[in-house]
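Take a look at the letters that make up each chain.
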Amino acid sequence: MWAELLPIGRSSASGGYRRYAWTGADADCREWFRGHAEARGLVYEVDRNGNQWAWLGDPAEGDAVVTGSHLDSVPDGGAFDGPLGVVSSFAALDELRSRKAQLDRPLGIVNFGDEEGARFGLACVGSRLSSGQLTVEQAHRLTDEDGVTLARAMEAAGYDPERIGADRERLARIGAFVELHVEQGRALDLSGDQVGIASSIWPHGRWRFDFRGEANHAGTTRLGDRRDPMPVYAETVLAARRAAELAGAVATFGKIAVEPNGVNAIPSLVRGWLDSRAAGQETLDTVVREIESAAREHAQAHGIDLEVVRESFTPVVEFDHALRDELARLLGRDADLKVPVLGTGAGHDAGILATSVPTAMLFVRNPTGVSHSPAEFAAEDDCVAGVRALADVLEGLARR
Ligand SMILES: [Zn+2]
């Protein structure tokens, strides 16, 4: 399964992946999912928001156990973020069948659409729509960098954008959702464990900073006469780093747009996107407030207009404690497999679902901690341990 997915959307230059929602690479991934669902005799369906489901047993019975993740990627992403969870789901099902496991509850595998938000700037669109955390009106306002709306993109990929919207009845049939994911940090590497259980997802958000100055000639405009937004932006980036460091949080300006974007032109606009996350809401508020106030101070000193817009926000997610304890108990049967419980700064569909469904996450060790990059990696042994852990969990949960 892994080898089949590997070439899809892969750049020959960097080895990284570009599997944006509703593009050709995404369609190939989705075709792969459908193929594996059907090859196993599972009931395959696509919901109104384009999320793919594969069922063993009848979900209408309710109290279903569901596992899965996503297949889309960030720009130049790694092979594991998302696909490891989906491949492991099918592999865990195969493992359960070879064990002749007794499954009393319906078992589902899901591929959530557009998790990374790489194309339309909002993460977890598929799960947000289904859970009602993204309204139809908001979804219809989403556009990609070429001005293509989400609706158009879905239509071009063969889906009906008029059907999108909350799908609470479907989610109400799920008794437990478990997402397996490659770890996006080094906690497991440092503790020497192959698999861990998630405790919480840090609150996180994205803010757009628009610094507006005045375009002018880079050769003839005296420094004192300039209204150059770039140094102000640079000061803001440094302030973000300092504020995050002091608070034990993270803050990143990873995307920037410059107008007119010429080597010999002073910019008229620098637009930078801040991504910030912290273990607690108060800390995050403080960090973002400090960054914004530093930006305003420097903007004022340089005659730059500043507008800050919060583009998205996800509050802290505490995973269901009872389910988390149940996972620890199920995995604890194997004395060799210790299961540390860890928090994460990365968002996931599991975090979105957690507001409506008892939800848990399993992490698989990532030796470098690198993710959202072609260097993202998990060793085969660890991936196999992840599949076994997932199979143990699903078997334990699916037994009444
Ligand atoms: Zn992911």
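Residues numbered from 1 in each chain as written. Predicted model: local features only at pLDDT ≥ 70, side-chain atom pairs only at ≥ 80, totals over all residues. Heavy atoms only, no water.

### Observations concerning the packing of helix H9 (residues 229–247) against helix H10 (residues 281–301)
Moving on, step 1. With their axes 9 Å apart at the nearest point, H9 and H10 run at an angle of 155° to one another. If you check the angle between H9 and H10, you find them roughly antiparallel. Relative to H10, H9 is oriented so that their crossing is right-handed. Facing Val232, Glu235, Thr236, Ala239, Ala240, Ala243, Ala244 and Ala247 of H9, the residues of H10 in contact are Thr283, Val287, Glu290, Ile291, Ala294, Ala295, His298 and Ala299. (Axes fitted to C-alpha atoms, helices over the stretch in contact; angles between N-to-C directions. Helix = DSSP H or I, 4+ residues; strand = E, 2+ residues; numbered from the N terminus. Parallel < 35°, antiparallel > 145°, perpendicular 65-115°, else oblique. Left-handed = near helix turned anticlockwise from the far one by under 90°. Contact = heavy atoms within 4.5 Å.)

### Re empty space enclosed by the protein
Moving on, step 1. Following the criterion strictly, the structure yields two cavities of 30 Å³ or more and no others.
Moving on, step 2. Approximately 50 Å³ is the volume attributed to the largest cavity.
Moving on, step 3. Surrounding the largest cavity, Trp22, Asn49, Gly113, Asp114, Val125, Gly126, Leu129, Leu150 and Met154 form its lining.
Moving on, step 4. Those elements that place two or more of their residues in the lining of the largest cavity are helix H4 (125–131) and helix H6 (150–156).
Moving on, step 5. Across the lining of the largest cavity, the residue classes tally to five nonpolar, three polar and one charged.
Moving on, step 6. Volume-wise, the second largest cavity comes out at about 40 Å³.
Moving on, step 7. Considering the residues around the second largest cavity, the lining is formed by Asp26, Arg30, Leu71, Asp72, Asn111, Phe112, Gly113 and Asp114. (1 Å grid on protein atoms, 1.4 Å probe; cavity = no way out; pocket = protein on both sides within 12 Å on 5 of 7 lines; lining within 4 Å. Points joined across faces, edges and corners; volume = space filled by probe spheres on them. Nonpolar A, V, L, I, M, F, W, Y, C, P; charged D, E, K, R; others polar.)

### Considerations on the packing of aromatic side chains
Moving on, step 1. Following the criterion strictly, the structure yields 13 aromatic pairs and no others.
Moving on, step 2. Geometrically, the ring pair formed by Phe211 and Tyr233 is edge-to-face, given 6.0 Å between the ring centres and 70° between the ring planes. Taken together, the residues span a long stretch of sequence, with Phe211 in strand S7 (residues 204–212) and Tyr233 in helix H9 at a distance of 22 residues. Across the pair, Tyr233 and Phe211 agree in class, each one buried. (Phe/Tyr/Trp six-rings, centres within 6.5 Å; stacked < 30°, edge-to-face > 60°. Buried < 20%, exposed > 50% of the residue type's maximum accessible area, 1.4 Å probe, protein only.)

This is a description of form; function is not addressed.
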